[in-house]
Amino acid sequence: MYTLASILSHIHSKQHLIRDAARQIYDLAYDSRKIRNAEHSLFFALKNVRDGHTFIPDAYQKGVRAFVVSCEDIDISLCPEASFFWVEDVLTALQELASYHRQQFHKPVIGITGSNGKTIVKEWLAQLLQEDKKVYQSPKSYNSQLGVALSLWNLSDDYDCAIIEAGISLPGEMNHLEAMIRPDIGIMTNIGVAHASGFASKAAKITEKITLFKRTKDVIFPSRYGFDAYLPSETTTFTFGERDVDNVRILHIEERRDGRSSIQVSYEQEIATFTVPFVDKASIENVLICLTTLLFLGYPLDVILPKLGRLRPLEMRLQLKTGRHNCSIIDDTYSNDLASLQIALDFLHQQQQHKKKTLILSDMEGLDDKLQAKLLSVLGRQNLTRIIIVGKSLHFLVDKLATPLLFFDSTEELVRNLRNIVLENESILIKGSRRYHLEDVSKLLVAKSHETVLEINLSALEHNLQAYRSILPQHVKLMAMVKAFSYGSGSYEVANLLQFNKVDYLTVAFADEGVELRQHGIDLPIMVLSPDEQVFESLLTSNLEPEIYSFRILKSFIDFLRIRKQKAFPIHIKIDTGMHRLGFLPREMAELATLLSAAPEIKVKTVFSHLVAAGKEQHRDFTIQQIGFFSTSVDRLEVGLGYTVIRHIANTSGIINWPSAYMDMVRLGIGLYGVDMDGKMTLEKVSELKTTITQIKELPAGTTVGYDRKGLLHRASRIATVKIGYADGYSRRFGEGVGEMSINGQKVSTVGSICMDMCMLDVTDIVAHELDEVVVFPDLMEAARRIDTIPYELLVNLSARVKRVYYYG
Ligand SMILES: *Cc1c(COP(=O)(O)O)cnc(C)c1O
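Residues numbered from 1 in each chain as written. Predicted model: local features only at pLDDT ≥ 70, side-chain atom pairs only at ≥ 80, totals over all residues. Heavy atoms only, no water.

Examining the site of the ligand
Around the ligand, the neighbouring residues are Met-481, Lys-483, Tyr-487, Leu-529, His-610, Asn-651, Thr-652, Arg-667, Gly-669, Ile-670 and Tyr-792. Within the side chain of His-610, a nitrogen or oxygen atom sits 3.5 Å from a nitrogen atom of the ligand. A distance of 2.7 Å is found between a nitrogen atom of the ligand and a side-chain nitrogen or oxygen belonging to Arg-667. When the ligand sits alone it has 380 Å² of accessible area, and the protein chains cover 94% of it. When grouped by side-chain class, the residues that make up the shell around the ligand number 5 nonpolar, 4 polar and 2 charged. (Near = heavy atom within 4 Å. Polar contact = N/O pair within 3.5 Å; in protein donor to acceptor, adjacent residues only side chain to side chain. Areas by Shrake-Rupley, 256 points an atom, 1.4 Å probe, with all protein chains shown as cover. Nonpolar A, V, L, I, M, F, W, Y, C, P; charged D, E, K, R; others polar.)

Notes on the UniProt feature "domain: Alanine racemase C-terminal" (unreviewed entry) in the chain
Under the local residue numbering, the UniProt record ascribes the feature "domain: Alanine racemase C-terminal" (unreviewed entry) to residues 686-807. Helix makes up 11% of residues 686-807 and strand makes up 37%, while its end C-alpha atoms are separated by 10 Å. (UniProt positions renumbered as here; feature names shortened; annotations may be inferred. Helix = DSSP H or I, 4+ residues; strand = E, 2+ residues; numbered from the N terminus.)

A look at the packing of helix α5 (residues 145-153) against helix α6 (residues 173-181)
At a minimum axis distance of 10 Å, the contact between α5 and α6 shows a crossing angle of 0 degrees. Judged by the inter-axis angle, α5 sits roughly parallel to α6. Residue-level inspection shows Gln-145, Val-148, Ala-149 and Leu-152 of α5 in contact with α6, the latter providing Glu-173, His-176, Leu-177, Met-180 and Ile-181. Of the residues contributing to the contact of α5 with α6, the split by class is 6 nonpolar, 2 polar and 1 charged. (Axes fitted to C-alpha atoms, helices over the stretch in contact; angles between N-to-C directions. Parallel < 35°, antiparallel > 145°, perpendicular 65-115°, else oblique. Contact = heavy atoms within 4.5 Å.)

Remarks on the domain arrangement of the chain
Buried accessible area, meaning the area lost when the parts come together, often serves as the stated size of an interface. Once the domains are mapped, the chain shows domain 1 (2-89), domain 2 (105-309), domain 3 (318-448), domain 4 (457-673) and domain 5 (687-808). Spacing between the C-alpha centres of domain 1 and domain 5 amounts to 54 Å. (Domains from an automatic or database assignment.)

Focus: the pattern of salt bridges
One pass over the structure, following the stated rule, counts 40 salt bridges. Put simply, Arg-33 and Asp-31 hold a salt bridge, and the shortest N to O gap is 2.6 Å. Look at Asp-31 and you get buried, because its relative accessible area is 13%. Across the salt bridge formed by Lys-443 and Asp-440, the nearest N and O atoms sit 3.9 Å from each other. Of the two residues, Lys-443 and Asp-440 both sit in helix α13 (residues 439-445), 3 residues apart, roughly one turn of that helix. Exposure remark for Asp-440: the relative accessible area of 29% places this residue in the partly exposed category. (Salt bridge = Lys/Arg side-chain N within 4 Å of Asp/Glu carboxyl O. Buried < 20%, exposed > 50% of the residue type's maximum accessible area, 1.4 Å probe, protein only.)

Concerning the environment of Gly-259
Mapped onto the secondary structure, Gly-259 falls in the loop between β14 (248-255) and β15 (261-267). Put simply, Gly-259 and Val-528 are 269 residues apart on the chain and 51 Å apart in space, counted from C-alpha to C-alpha. Setting aside anything within four residues of it in sequence, one finds Gly-259 in contact with Pro-277, Phe-278, Val-279 and His-769.

Brief notes about the packing of helix α3 (residues 90-103) against α5
Their axes nearest at 8 Å, the elements α3 and α5 cross at an angle of 35 degrees. Crossing hand, α3 versus α5: left-handed. From α3, Leu-91, Leu-94, Gln-95, Leu-97, Ala-98, His-101 and Arg-102 reach across to α5, where they touch Gln-145, Leu-146, Ala-149, Leu-152 and Trp-153. In terms of residue class, the contact of α3 with α5 is made up of 8 nonpolar, 3 polar and 1 charged. (Left-handed = near helix turned anticlockwise from the far one by under 90°.)

Things to note about the sheet that holds strand β4 (residues 27-29)
Across the sheet, which stays open at both edges, the 5 strands sit in the order β2-β7-β6-β5-β4 with mixed pairing between neighbours. The sheet terminates laterally at β2 (15-17) and β4, the two strands that pair on one side only. Strand-to-strand, the axes of this sheet are offset by a mean angle of 15 degrees, without reference to chain direction. One ladder, built from 2 bridges, connects strand β5 (residues 41-44) with strand β6 (residues 66-69); its direction is parallel. By the bridge assignment for β6, Phe-44 is matched with Val-68. Against the sheet, α3 engages β4, β5 and β6, with an angle of about 145 degrees to β5. (Pairing = 2+ DSSP bridges.)

Some thoughts on the nonpolar core
Within the largest apolar cluster, 193 residues are counted, with the highest numbers of intra-cluster contacts made by Leu-42, Leu-379, Leu-506 and Ile-573. The element that contributes the greatest number of residues to this core is helix α19 (residues 551-563), accounting for 7 residues. Counting residues in hydrophobic clusters, the runner-up holds 40 residues, among them Trp-124, Leu-125, Leu-128 and Ile-289. (Core = buried A, V, L, I, M, F, W, Y, C linked by side-chain atoms within 4.5 Å.)

A word on the pairing of strand β17 (residues 319-322)
Bridging between β17 and strand β18 (residues 328-332) involves 4 bridges; their strand directions are antiparallel. In the sheet register, Gln-319 faces β18, and the bridge partner there is Asp-331. The hairpin formed by β17 and β18 contains 5 residues between the paired strands, and His-325 there has a positive phi angle of roughly 50 degrees. Bridging between β17 and strand β40 (residues 803-807) involves 2 bridges; their strand directions are antiparallel. Bridging from a neighbouring strand, Leu-320 pairs with Tyr-806 of β40.

The structure is reproduced here in structure tokens:
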């Protein structure tokens, strides 16, 4: 329990103003949109992409009364009841507090780092240990400077051990994480090329990562990476591998025909063989790390091995699916603890497409009084329409929440009664631990799925948005391009996230797309590119703002507005500075200004143009000329109008290459969706097109595969048929070996021509099984190059029948 007075002694503040020293603090807040328990929150004004100081009034208005800040010149008279801590660096203060809190925990803390596999090892270990221990684990992606601090804050004595993941991308970062986590036991998963950019060499990267263990007594790792050499001499190592000196020796690994691997290990004179449901090297290594850790912790082999056989690949969290009866289903049926419940509820809260929100929640066993109170406050703060509870241990919630509750003793009972519950036009979060197999419920609620899906990672999209924001000056507004179904990746699903992240504008290509967004709770201003007369009515009824590109369309829109008695309807003027597609020419500005200023029906919100070749060095002069034409045109227009407008000309490439073109706003398109045409950003992949192998055949040399006998086999081959064809948007030009897909991380090529709904792959040289997952575009840029197009075309061509599956985290 912390009070403002006690917090004062745990962080270094330069100055403070404490108005109620006894105020108790339970929550650390840094995002004013996510404040729940305001009066017991301490708000950290972090300087992220947005400066947290600007959100202090908002947080105050929501009831927050304690702030950690770094700016000296805050107008505290606006927050007459608030206490302030002034610190050198707000993030550091947050870390100091987390670090102090961590040191009050006297049971083992396991710290995990490495290039890959951290999250899966953490999740698996938690799963394996949970059978006889209360395990605290950092939530999925909370492994950064901020994430680790927030995860540690939730640590409490109710747990028997904690597993915390540490991720870094730059030299110097691990020291801060170490100071907070102070692992008693360390796990180093491996070292690879991931994030290599920030480091001079592999050795530098290992040295940095291993800093996490500079005070750790025992460190566990696969011996083949030779981490020993980097550890302090007093560290005790516990390794697995093929050397005689390894604590756990790997004697034999064999891939079996059923898609499992058989592994033989020896440990302290004992030899044992077990199987795991994986064949890929990475998963096997992760399993072995878990095995080695459990042996280190003193569990006997015969207890551990059967459990390893039941491990499953991590499922994606928080999948957002289209449900029956116009519902949105958020599926998170994998784990259930307070931290992940909170994240899932936040995501539910973002869904603006439905007013009604239902939570289906499985039991959380073993909640003591403190955790019960916490759950109660987490649920109480959420605007839920109802909560459906599965299991027996949450009955204490009865009469304590305003939300209607429905109880079922078991998942089976809920499934039997599901027909009697009206679930329609709502967002439904299904949240339960694995043992409640709530996926049985979600299967009944989700509209039927097909086997070719486009997975869209909304947290990657959020990351990319922040990445671009971080290079833009604060005053530059951001318009997000969600035209063409958000470059193929979805409509309101993407727009909801952008709205939540406070972009300034959205742009669609057609009025219909805008109408759909409005129907799903998007209230950001929306610009519609090149509308025609037929959609004027929709523009008006859905409050969509047209791009006006010619005198013809301008005059007819003004006429329309006059008849409808509209005043000052927002419009956007497009100037043609060199694309020669749509737009007014610079020489038409005087005439345009005259017409505009005589029409009270409209109000020019923004004036824009489009760069033709912002990413092409050889057209530098042309770009400079475009920016020049644009600036003088808008200057002239503003004089004629008598008021100023928002100016914008830069698209994604413009953001990267042309700071002089930022003006008042930029239009972010392809970069948001994870495609870096300029190769200058660290973006995350947003969409992944996946299909499955339907059948595999062994065929002799000389056989042909597919239509017109195009695929002649020059050797005895294994041919896999996968469920994607040109009707899905997989171009016929990818046939006959041009297209490359990836199965279990291995690249394979197409054979023969692409059919309408299927195509064939040569899997002779790789491990592949029927029903295996196939990644259709392992490298989107390369795929586009191979058929002489651009990634934009591949993305937007994916047909509507390819089901979109969204997930977050
Ligand atoms: C599509 C589009 C953009 C976005 O372009 P990207 O290259 O995807 O960033 C910007 N402005 C206009 C007018 C567009 O049509």
